[in-house]
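Residue-level structural notes
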Amino acid sequence: MSELRIQKYLADAGVMSRRAAEREIALGSVLVNGVPAEIGQKIDPERDVVKYRGRVIKQGFKKYVYIMLNKPRGYVTTASDERGRPTVVELTREVGERIYPVGRLDMDSEGLLLLTNDGELTNKLTHPRHSIPKIYHVEVSGTVDEVTLRKLSSPLEIDGYKIRPVDVSVVSMPQSDSAARKKTTVLKMELFEGRNRQIRKMCEQCGLDVVRLTRIAIGNLKLGSLKPGDWRHLTRTQIEYLKKS
């Protein structure tokens, strides 16, 4: 068998994405024949023994699983949490395979989250240049004027990085009366990148208080009637859409 880079080997085995593998290798969590692996190292799957956190990782036929979850608030988007907080993986134990979240939604956010054991697809969908937009409904306090909408749609700077412009539109807004400040506005935001807590930081820069943040779609994949905490398998058409995007 031809040699493979250690990151690809781990991704093909469904352990994690290539990017996650690089992080774990840098931490010394991956061993090849008892020696800490190096990023980019090539291995022979037939001769070399690969261990991740003490567990031998073997390749072979793998049943790939692709699901969408309606993540509730209060769950972290990780396979495990050192602080003991509930994780999205706990909601998907009945899947029957070890699956991992694709990207993230912060603990206080909710909505559509993809999980799979297909490391290659995970790597593709989390790459900064991927072409599938993520669409959110963002509920903020009070009304939002045109100046603020234009600022939200501009290439703001987040944590020293100038983000790509975001498509922002109004879904619903209270009437401009004396009670408006007690009501909320719902904005629709379409992002092609998702930096850490990007929407919340954008709103903070524009003086907006986020009440609720929900991801309603990833490209043409929509939550539909899926209830919070529930999940379902993706259709073959949806899987092909993600792979070809």
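For the structure given in this document, a descriptive report is provided here. (Residues numbered from 1 in each chain as written. Predicted model: local features only at pLDDT ≥ 70, side-chain atom pairs only at ≥ 80, totals over all residues. Heavy atoms only, no water.)

1. A look at the overall build of the protein chain
Each helix and strand in the protein chain was counted, giving 6 helices and 17 strands. Counting only C-alpha atoms, the protein chain reaches 75 × 40 × 35 Å along its principal axes. Relative to its full complement of 245 residues, the protein chain shows a buried share of 46%. Summarising the internal contacts of the protein chain: among those between residues at least 6 apart in sequence, 66% fall at separations of at least 24. Summed over all atoms, the accessible surface of the protein chain reaches about 13600 Å², with 47% contributed by carbon and sulfur. For the protein chain, the separation between the mean place of its 43 positive charges and that of its 31 negative charges on side chains is 2 Å. (Helix = DSSP H or I, 4+ residues; strand = E, 2+ residues; numbered from the N terminus. Buried < 20%, exposed > 50% of the residue type's maximum accessible area, 1.4 Å probe, protein only. Contact = heavy atoms within 4.5 Å. Areas by Shrake-Rupley, 256 points an atom, 1.4 Å probe, with all protein chains shown as cover. Lys, Arg positive; Asp, Glu negative; His and termini not counted. Charge placed at Lys NZ, Arg CZ, Asp CG, Glu CD.)

2. Thoughts on the pattern of salt bridges
Using the criterion set out here, one finds 10 salt bridges in the structure. A salt bridge links Arg212 to Glu110, with the nearest nitrogen and oxygen atoms 2.8 Å apart. In this pair, Arg212 sits in strand β15 (residues 210-218) while Glu110 sits in strand β9 (residues 110-116), placing the two residues 102 residues apart along the sequence. Taking the relative accessible area as the measure of exposure, Arg212 reaches 38% and is therefore partly exposed. (Salt bridge = Lys/Arg side-chain N within 4 Å of Asp/Glu carboxyl O.)

3. Here's the deal with the nonpolar core
Residues Val138 and Met189 are the most contacted members of the largest nonpolar core, which totals 32 residues. Among all residues touching Met189, those that are not within four sequence positions of it are Lys134, Ile135, Tyr136, Val138, Leu152, Val166, Asp167, Val168, Ile199, Met202 and Cys203. With 17 residues, the next largest nonpolar core counts Met16, Ala21, Ala37 and Tyr52 among its residues. (Core = buried A, V, L, I, M, F, W, Y, C linked by side-chain atoms within 4.5 Å.)

4. Details of the side chain of Asn117
Within the secondary structure layout, Asn117 lies in the loop between β9 and α3 (119-125). With a relative accessible area of 1%, Asn117 lands in the buried category. Looking at Asn117, its side chain comes within polar contact range of the main-chain nitrogen of Val65, at 2.8 Å. (Polar contact = N/O pair within 3.5 Å; in protein donor to acceptor, adjacent residues only side chain to side chain.)

5. Focus on helix α5 (residues 198-205)
Where α5 is concerned, the buried positions are Gln198, Ile199, Arg200, Met202 and Cys203. On its buried face, α5 sits against β10 (134-141), α4 (146-153), β11 (157-158), β14 (184-191) and β15. Looking one or two residues beyond α5, the residue adopting positive phi is Gly207, at roughly 75 degrees.

6. So, the sheet that holds strand β5 (residues 50-52)
Here we have 4 strands laid out as an open sheet, ordered β3-β2-β5-β6, and antiparallel in their pairing. One side of each edge strand has no neighbouring strand; the edge strands of this open sheet are β3 (35-36) and β6 (55-56). (Pairing = 2+ DSSP bridges.)

7. As for unusual backbone geometry
Only a minority of non-glycine residues have a phi that is not negative, and only a minority of peptide bonds are not trans. Phi angles above zero are rare outside glycine, and Asn33 is one such case at about 55 degrees. When you line up the elements, Asn33 lands in the loop between β2 (30-32) and β3. Residue classification places Asn33 among the partly exposed residues on the basis of a relative accessible area of 44%. Residues other than glycine seldom take positive phi values, yet Arg197 does so here, at roughly 55 degrees. Tracing the backbone through its elements, the reader meets Arg197 in the loop between β14 and α5.

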